[in-house]
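Fold and contact review
This is what each chain is made of:
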Amino acid sequence: MQANGAGQGQESADLSCLNTAQNGESSAGHSNGLLSSTDNGTSVGTSNGTSTGPGLGSLAGTTSSNSELKKKKRLTQAEEDVIRLIGQHLHGLGLNQTVDLLMQESGCRLEHPSATKFRNHVMEGEWDKAENDLNELRALMHSPNAIVRMKGELTPLKYNTDRIHVLSGYLMCSHAEDLRAKAEWEGKGTASRSRLLDKLQTYLPPSVMLPPRRLQTLLKQAVELQRDRCLYHNTKLDNSLDSVSLLLDHVCSRKQFPCYTQQILTEHCNEVWFCKFSNDGTKLATGSKDTTVIIWQVDPESHQLKLLRTLEGHAYGVSYLAWSPDDTYLIACGPDDCSELWLWNVQTGELRTKMSQSHEDSLTSVAWNPDGKRFVTGGQRGQFYQCDLDGNLLDSWEGVRVQCLWCLGDGRTVLASDTHQRIRGYNFEDLTDRNIVQEDHPIMSFTVSKNGRLALLNVATQGVHLWDLQDRVLVRKYQGVTQGFYTIHSCFGGHNEDFIASGSEDHKVYIWHRRGELPIAELTGHTRTVNCVSWNPVVPGLMASASDDGTVRVWGPAPFLETQESDGLNEHCSNMDS
């Protein structure tokens with residue numbers, strides 16, 4: 001926000017509201033919201049509109065009374081600013097007479113007279129006069145370079161050589177439409193001059209001329225701030241003021257948040273170790289100790305899940321799943337003693353590749369390269385491979401005991417958590433590696449935000465930690481979750497990934513707002529350890545959790561009361577706001 005120019009010596013005194021005239025009276029004459037006064041500072045309106053001097057005895061008492069009233073109603077700087085903001089907004093609506101009356105009654109002026117003259121000359125296209133106006137405005141500017149920049153914008157042919165070169169290039173345009181398209185200029189007229197004026201106003205102190213549409217800007221900032229502070233706000237932000245009520249504070253109900261059971265999926269017949277929504281949000285994959293992977297279809301309207309197909313034959317069970325970037329393929333990994341991984345074509349249900357480099361390997365984690373043509377895999381026995389879609393070995397890194405993997409968006413860097421309680425970055429192209437995160441306890445799993453900036457770690461006996469990968473600092477430790485030495489997978493979720501969810505060994509799902517350490521919701525319903533939570537990347541109000549109790553729970557907003565009672569759902573949200 002720009003400084004408001006208040007309290008800056010003689011300039012501010014000259015530009016503030018003129019409610020301190022010697023006799024406390026103001027003139028009825030205005031020009032574009034600017035106040036003018038008579039020589040003696042006094043103007044009293046009569047019934048016929050004529051002006052009467054202060055010497056009339058019949059009005060002496062009235063003048064004195066009005067002066068006392070003016071002193072009592074002297075406006076603060078904040079009140080003056082509000083009046084100017086309202087006046088600017090009304091002026092933008094074309095209510096100029098209302099603006100004049102507001103300025104007259106309050107004793108304020110909307111902007112400095114020199115600024116008004118400058119505005120009029122710009123809007124009328126009188127560029128020489130507008131440039132001359134800058135000489136009057138020079139003394140009112142805080143920055144000595146502002147006048148030079150304004151002249152460069154106003155009359156670039158005189159001051160801006162680079163701009164001349166750009167403009168000369170437009171001489172080759174064959175017709176007006178081509179010129180407007182290349183110059184991104186809609187042509188001569190009010191619209192282009194208004195945009196120029198908006199740009200020029202940024203060089204002037206707000207005490208001289210208010211920034212354009214200042215009231216709307218402040219209201220939008222207030223709305224955005226309220227939404228940002230709302231613990232349960234989980235929808236796309238609409239920056240238009242027309243979409244909200246300015247008469248009420250922004251509040252999202254917890255009933256709109258995905259903390260109520262929508263479905264309980266019971267098709268697995270043993271512990272469910274992992275679940276993951278596809279990148280396009282249309283499918284959910286779940287992996288179980290029962291050796292199967294189930295693909296579920298998400299209904300686009302009701303968001304109900306329906307069994308699409310079952311992928312069988314994973315002899316050791318399925319403890320980890322990874323969708324390819326385009327959701328065509330799904331890779332399934334097993335627990336520590338599993339030396340194989342399966343690459344499935346999700347659309348056809350066919351097994352494309354069953355990969356095993358050695359029976360002594362342990363391939364427990366996998367991550368796709370962003371190009372969708374390669375993946376990396378590894379385990380705690382020291383294997384770390386890069387392979388193609390047919391399982392052919394492209395590169396390997398010896399001696400790295402991998403717990404969890406992630407490929408960054410640059411297509412080169414692979415993050416791997418290892419048995420040394422750290423996350424390191426590996427580059428398979430130049431065979432370099434570097435330390436990024438160091439914890440004091442084993443990192444059981446981790447995931448990375450979409451922008452690659454933040455990492456969410458499940459740390460043994462410690463819980464869920466948030467790290468900034470760029471600055472390499474621990475940002476926050478989230479409280480409430482019970483984390484021992486089981487592998488539990490947490491996730492980012494919600495609109496703009498503002499939320500974090502994790503399973504827990506106390507049978508609950510915990511949800512935090514990313515900026516707060518205390519959970520905003522605790523979801524009950526599972527009867528054993530919750531191993532994994534996945535938030536739908538496209539539908540912010542849809543989440544799934546997988547548990548050792550053999551079920552997958554699908555969470556969403558509160559259903560209608562009648563439906564909730566008839567289904568006998570016993571879940572609840574526990575508010576633990578800080």
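Above this text sits the structure in question.
My aim in this report is to walk through the structure given alongside it, one point at a time. As the structure is a computational prediction, the values presented were derived from the model and not from experiment. (Residues numbered from 1 in each chain as written. Predicted model: local features only at pLDDT ≥ 70, side-chain atom pairs only at ≥ 80, totals over all residues. Heavy atoms only, no water.)

**Section: the sheet that holds strand β14 (residues 365-368)**
Strands sit in the order β14-β15-β16-β17 across an open sheet of four strands; the sheet is antiparallel. Sheet topology places β14 and β17 (393-396) at the edges, where each strand pairs with a single neighbour. Strand-to-strand twist across the sheet, computed as the mean angle between neighbouring axes with direction ignored, equals 25°. Where strand β16 (residues 384-388) and β17 come together, three bridges link them in antiparallel fashion. (Pairing = 2+ DSSP bridges. Helix = DSSP H or I, 4+ residues; strand = E, 2+ residues; numbered from the N terminus. Axes fitted to C-alpha atoms, helices over the stretch in contact; angles between N-to-C directions.)

**Quick word on the pairing of strand β12 (residues 341-345)**
Of all the five residues making up β12, five are buried; the element is thus mostly covered by neighbouring parts of the structure. Side chains Leu-341, Leu-343 and Asn-345 project from β12 onto one buried face, and the interleaved Trp-342 and Trp-344 project onto a second face that is buried too. Bridge count for strand β11 (residues 329-333) against β12 is five bridges, and the pairing is antiparallel. Paired with Tyr-329 across the two strands is Asn-345, which belongs to β12. Where β12 and strand β13 (residues 350-355) come together, five bridges link them in antiparallel fashion. Bridge pairing in β13 places Asn-345 opposite Glu-350. Two successive antiparallel strands, β12 and β13, enclose a turn made up of four residues, where Gly-349 displays a positive phi of approximately 80°. (Buried < 20%, exposed > 50% of the residue type's maximum accessible area, 1.4 Å probe, protein only.)

**Some thoughts on the packing of aromatic side chains**
Tallied over the entire structure, the rule returns eleven aromatic pairs. Note on Phe-384 and Phe-428: the rings are 5.3 Å apart at their centroids and 75° apart in plane angle, and the pair reads as edge-to-face. Of the two residues, Phe-384 sits in strand β16 while Phe-428 sits in the loop between β20 (422-427) and β21 (432-438), which places them 44 residues apart along the sequence. The class for Phe-384 is buried, based on a relative accessible area of 0%. Where Phe-499 meets Trp-535, the ring centres are 5.9 Å apart and the plane angle is 15°; that geometry is what we call stacked. In this pair, Phe-499 is assigned in strand β27 (residues 499-502) and Trp-535 in strand β30 (residues 530-535), connecting sequence segments 36 residues apart. Accessibility classification places Phe-499 together with Trp-535 in one group, the buried group. By the ring-pair criterion, three or more aromatic residues cluster together here, those being Phe-384, Trp-397, Tyr-426 and Phe-428. (Phe/Tyr/Trp six-rings, centres within 6.5 Å; stacked < 30°, edge-to-face > 60°.)

Geometric descriptors of this kind do not, in isolation, establish any biological role.
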